[in-house]
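Chain by chain, the residues run as shown.
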Amino acid sequence: MKRTGPNPVGRLLAAFGLAALGLGASAGQAAEIAKLRVNNWQGGAFSNDKTGAFSHCAASARYQSGITLLFSVTSEKAWSMGFSSPTWEFAPGTRYPVEYWVDDGPRIRGEALAKTNKLAQVFLPATDALFVAFRNGQMLRVAAERQTLAFRLTDTSEMLATLLRCANDFSRRAPPNPFGSGRPPSPPVAPPNPFGDGMPPKAPAPRPAQGGAQTI
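The structure presented is a predicted model; accordingly, all values stated were derived computationally and were not measured.

Caption draft 1: Highlighting the overall build of the chain. Check the secondary structure of the chain and you find three helices and 10 strands. Listed N to C, the secondary structure of the chain is α-β-β-β-β-β-β-β-β-α-β-β-α in terms of helices and strands. The long-range fraction of contacts in the chain, counting pairs at least 24 apart against all pairs at least 6 apart in sequence, stands at 51%. Per element, the accessible surface of the chain, about 13600 Å² overall, is 54% carbon and sulfur.

Caption draft 2: Quick peek at the pattern of salt bridges. Taken as a whole and judged by the stated rule, the model has four salt bridges. Across the salt bridge formed by Lys118 and Glu89, the nearest N and O atoms sit 3.1 Å from each other. Of this pair, Lys118 sits in the loop between strand 7 (108-114) and strand 8 (119-123) while Glu89 sits in the loop between strand 5 (79-84) and strand 6 (95-102), and the two are 29 residues apart along the sequence. What makes Glu89 exposed here is its relative accessible area of 59%. Glu99 serves as the salt-bridge partner of Arg107, at 2.9 Å between the closest nitrogen and oxygen. Members of the salt-bridge network, linked through shared partners, are Glu99, Arg107 and Arg109.

Caption draft 3: Representation of the state of the cysteines. For the coordinates displayed, the defined rule picks out one disulfide. A sulfur-sulfur separation of 1.9 Å characterises the disulfide bridge that pairs Cys57 with Cys166. The chirality of the disulfide connecting Cys57 with Cys166 is left-handed, given an S-S dihedral of about -70°. Taken together, the positions of Cys57 in strand 3 (residues 54-62) and Cys166 in helix 3 (residues 156-172) put the pair 109 residues apart, joining distant regions of the chain.

Caption draft 4: The arrangement of helix 3 in detail. For helix 3, which comprises 17 residues, the first-to-last C-alpha distance of 24 Å matches the rise-based estimate of 24 Å (1.5 Å per residue) to within 8%. Taken residue by residue, helix 3 has Thr156, Met159, Leu160, Ala161, Thr162, Leu163, Cys166, Ala167 and Phe170 as its buried positions.

Caption draft 5: Focus on the nonpolar core. In terms of nonpolar packing, the biggest core is built from 41 residues, with Phe71, Met81, Phe134 and Leu140 touching the most fellow members. At six residues, helix 3 tops the list of elements feeding residues into this core.

Caption draft 6: How the structure looks around the environment of Glu158. Looking at the element boundaries, Glu158 is found in helix 3. Residue classification places Glu158 among the partly exposed residues on the basis of a relative accessible area of 46%. In this structure the C-alpha to C-alpha distance between Glu158 and Trp41, which are 117 residues apart in sequence, comes to 9.8 Å. Dropping the residues within four chain positions of it, Glu158 is found in contact with Val38 and Asn39.

Caption draft 7: A look at the pairing of strand 4 (residues 68-74). Most of strand 4 sits inside the fold, with seven of its seven residues counted as buried. Bridge analysis of strand 3 against strand 4 gives seven bridges, and the strand direction is antiparallel. The residue of strand 4 that forms the bridge with Ser60 is Leu70. Between strand 4 and strand 5, which pair antiparallel one after the other, the connecting turn spans four residues, and Lys77 there sits at a positive phi close to 65°.

Caption draft 8: Quick look at the pairing of strand 5. Burial runs high along strand 5: six of the six residues are buried. Two strands pair when backbone bridges link them, and strand 4 and strand 5 are joined in this way by six bridges, in the antiparallel orientation. Bridged to Leu69 within strand 5 is Phe83. Across five bridges, the pairing between strand 5 and strand 8 is antiparallel. Counterpart to Gly82 in the pairing with strand 8 is Gln121.

Caption draft 9: Seen up close, the environment of Asn48. Structurally, the position occupied by Asn48 is in strand 2 (residues 41-48). For Asn48 and Ala31, which are 17 residues apart along the polypeptide, the C-alpha to C-alpha distance reads 6.5 Å.

The rules behind each value
Residues numbered from 1 in each chain as written. Predicted model: local features only at pLDDT ≥ 70, side-chain atom pairs only at ≥ 80, totals over all residues. Heavy atoms only, no water. Helix = DSSP H or I, 4+ residues; strand = E, 2+ residues; numbered from the N terminus. Contact = heavy atoms within 4.5 Å. Areas by Shrake-Rupley, 256 points an atom, 1.4 Å probe, with all protein chains shown as cover. Salt bridge = Lys/Arg side-chain N within 4 Å of Asp/Glu carboxyl O. Buried < 20%, exposed > 50% of the residue type's maximum accessible area, 1.4 Å probe, protein only. Disulfide = S-S within 2.5 Å. Expected span 1.5 Å × (residues − 1). Core = buried A, V, L, I, M, F, W, Y, C linked by side-chain atoms within 4.5 Å. Pairing = 2+ DSSP bridges.

The values reported here are purely geometric and, on their own, carry no functional implication.
Right, here's the structure in full:
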């Protein structure tokens, strides 16, 4: 993987991965720290700008329909797929029921969450069988209320394996601060007054009476 600066596709993938982590979908909150490409799939590794910690690896491919299909694997190994189109108009935060399946496999009910006005995300079950199906399958279909979308899963075997390796690799790397989380500073040992606590002042001694009067 090659280190690189931000790019338009990277901004979309950054927003997508942060949404997967529940960190919102603002691309300004993520930085692309590495770039990856698997044939028509392009993406990278991203960190959270607020913490500097690795957040996710993601890749996308744009189809002739104009729809972009995205996949993300987070630092917690959660994975999701997403769909984006410049012609769509979502109300961010809206949830849409969907069903999806690979080839002749079982239909799985899910929920597409609109993260931006152009991007919807479906969180995927963390099962080996489904991951293998997406890697080895030929066709993904997603049935929404008004349309069934179809995507050829070309090169997803290598792409998904690359995303998983990417997430494993960056998750194992040292945190941005090499000293770790540390401990809060201890309270100062020395008192704020450099002379110490001292002793209370002594009461003044009585003064002798004048004019021969005696003190009783």
